[in-house]
Amino acid sequence: MKRKVAIVLAFMALLTFPARAFDFAIRLNSGDTLYFEVTDAVRHRATVVPPSDDGPDYYKGHGKISGVLVIPSEVTFEGQSYTVTTIGERAFSGCTDIRMVSIPSTVTTIGSYAFYGCTGINDPVVIGENVTRVGLSAFYGCTQLPAVVFKARRCEFMGGSLATSVFGNCGRLKKVTIAEEVTRIPDYAFCGVDALSSNVSFPESLEYIGDYAFSFCSKLSGEIVIPDHVTAIGECAFNQCHAVTALILGAAVDTIGGRAFYKCINLRSLMVRTAAPPRMESSSFSDLHKSFSLSIPCVSKQLYENDDVWKGLAPFKTHGNCTFTVQAEEAHLGEAKVFGAGNYMYGDSVTLVVACAAGYAFEGWSDGNRENPRTFIARENMKVRALTRGSKSVAERETVYKVDTVYSEGCKLAGSREQVAGSREQLPATISYDAAKKRVEWDFPEGERLLALMVYNDNGECIYRTDNAKGKFKMKRFPTGSYFVRIETVRRTLNYRFFMNNEE
C-alpha cells in the first residue's frame, strides 16, 4: 500500500512541478538567473536552456528574464569553465520583459523559438559573425523589434520556411543591415518581414542570396544593388517586393531562380552588368511595371538577343563601352614586331602575330602564353608584350622584295628567288603564278621539308595556312597590299614580307 502511495505522489509531483531541463544555473549581476546544459563535456561547451521542458510557460516556477539580457561568452560551474556556443530551443520563449539582448561572439547556433514572443525587445538585435544556424521562428512575435544587424559570415540555415520565418510577426522591424564580410544570406532569412521598408544594402563580400530570402517584404523600397561577387540569386528571393523600383545586377551573377523578382510590380528599371546572360527562367522577371526597361552591356547585346529567355524582356537599352582594347607590343624595340593589336567588339576573334628580327626568336608572351600566332576571343581589355631571345638557329627576316616580275592580269608578286637585302639568305622557294586558276604556287626544294606556311595581313589576321605540304602548295591570289609570311621547315623558321599588286 505504501508503495502505491509513493508512486501516486511522484506522479502528482510531475504534474505539479515543471521538469528540470538544465544541468546548472548561474546568477547574473543583473539579478537574473540563466540556465545551462552541458552539451560537450570534452570540449567544455554549454547551451543556454529554459529552466523546464514544460510549455507553454517554460519559466513557470522560475523568475523570467527581464530588462537588459547580456548572455555571457563563458560560465563556470564547480570549478570548470564552459564556453557558451548555443542558445537552446525556447531558451527565452515568453520572456516578455526583456528589453535588449546581447549575444556573445562565441554563439554559433540560435535554437528554434529561442526568443519566441519576446514582445518587449525594443533595441536592435545583432546576429553574430560566427552564427551558422538560426532555428525556426527564433524571433517570431518580437513585435517591438526595430532593427536587425546581420553579421553572420556563413550562416547556412534560417527558419526553413515562410511559416517558420525567423522574424515572422515582427510588426516594427523596418531595418536590416547586412554587415561587411557576410558571404551568404540563407534561404528564408528575412522572408515575410512586411514592415521592412528602408533600402537594404549588400556588402561587396556577398556571394549568395538564398531562396525566399526577402520574399513578401512588400514594403521593401528603392533601389537594390546586387554586388559584383554574387553568383546566385535564389528562387523567389525578392518575390512580391512590391515597392522596389530599381535593380542593378552585379557582374558575376550566373543564376537567377524562378520567380526571383515575380510581381515586383513597381520595378521600372533593371541594369545588368554581366557580360554573359545569367541563366534564369521565364518567371524570374514577370508581372513587372508596365514601363519596365532593361539595360544590358553594349558589348553583349547580341548574346542577350539570342538568349531564349532574356529576349522576352526586349527591347534592350545598352550601357558601357562597346569595344575592348588589345594592346600588344614587343618587349624590346628592334627585336620583333607585333601585329593584331587594336579595338575589338565583345566576342570578336583576335589574332596576334610576332615577327622577329634577324637573330631573334619568339619566346612567349608576358602573361605566360607561348602561342604564335595567338588567337582568342575579345572579352576584356588586354595588354601583353612579346618576349624574344637571341638565336642562331632561327633566321628571321623582315623585308620588302623588289617588284621585278610581272604576271598576267597585272598581278605583281615580289620575292621570286630574290636575295634578301643585307644578307646571304634566299627565299627557299620558287614562286609562280597560274593566271588561269588565279593562284600563286610555291615550290620548295626537297631538303627544306616544309612544315607550315602562314600568311597574315597587316592587321595580323591569318588569311591563309597550309601544313605538312610536300614541297609544293597553291595559294589564292590576295588583294593589293603588303603581307607577312611565316615559313616553318624542319631546318628553320623564316619570317618575310611580300607585296602583291592586282591593279591593272
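(A) Geometry of the pattern of salt bridges. This structure, assessed with the given rule, holds 13 salt bridges. Ionic pairing is found between Glu156 and Arg184, a salt bridge with its closest N-O pair at 3.6 Å. With Glu156 in the loop between strand S11 (147–150) and strand S12 (157–158) and Arg184 in strand S14 (residues 184–185), this residue pair connects regions lying 28 residues apart in the sequence. Across the salt bridge formed by Asp254 and Arg279, the nearest N and O atoms sit 2.2 Å from each other. In this pair, Asp254 sits in the loop between strand S18 (244–249) and strand S19 (255–256) while Arg279 sits in the loop between strand S20 (269–272) and strand S21 (293–297), placing the two residues 25 residues apart along the sequence. Owing to a relative accessible area of 35%, Asp254 belongs among the partly exposed residues under this scheme.

(B) Structural context of the state of the cysteines. A full pass over the atoms with the stated rule returns one disulfide. In this model Cys264 remains outside any disulfide bridge; the closest cysteine sulfur is found in Cys241, 5.3 Å from its own. Since its relative accessible area comes to 1%, Cys264 is described here as buried.

(C) Region of interest: the side chain of Thr86. Mapping Thr86 onto the fold places it in strand S6 (residues 80–87). With sequence-adjacent residues up to four places away left out, Thr86 is seen in contact with Ala46, Thr47, Val48 and Thr109.

(D) Focus on the nonpolar core. If you look at the biggest cluster of nonpolar residues, it comprises 93 residues, and the most contacted ones within it are Phe92, Phe115, Phe238 and Phe285. Look past the residues within four positions of Phe238 in its chain and what remains in contact with it is Phe202, Ile209, Phe214, Ser215, Leu220, Ile224, Ile226, Ile233, Ala260, Phe261, Tyr262 and Cys264. Listed in part, the 16 residues of the second largest apolar core include Tyr344, Leu352, Ala378 and Ala386.

(E) Inspection of the sheet that holds S19 at higher detail. Taken together, four strands build an open sheet; the order of strands is S14-S15-S17-S19 and the sheet is parallel. Edge positions in the sheet fall to S14 and S19, since each of these pairs with one other strand and no more. Two strands pair when backbone bridges link them, and strand S15 (residues 208–209) and strand S17 (residues 232–233) are joined in this way by two bridges, in the parallel orientation. When the sheet's bridge partners are listed, Ile209 is paired in S17 with Ile233.

Definitions and limits used
Residues numbered from 1 in each chain as written. Predicted model: local features only at pLDDT ≥ 70, side-chain atom pairs only at ≥ 80, totals over all residues. Heavy atoms only, no water. Salt bridge = Lys/Arg side-chain N within 4 Å of Asp/Glu carboxyl O. Helix = DSSP H or I, 4+ residues; strand = E, 2+ residues; numbered from the N terminus. Buried < 20%, exposed > 50% of the residue type's maximum accessible area, 1.4 Å probe, protein only. Disulfide = S-S within 2.5 Å. Contact = heavy atoms within 4.5 Å. Core = buried A, V, L, I, M, F, W, Y, C linked by side-chain atoms within 4.5 Å. Pairing = 2+ DSSP bridges.

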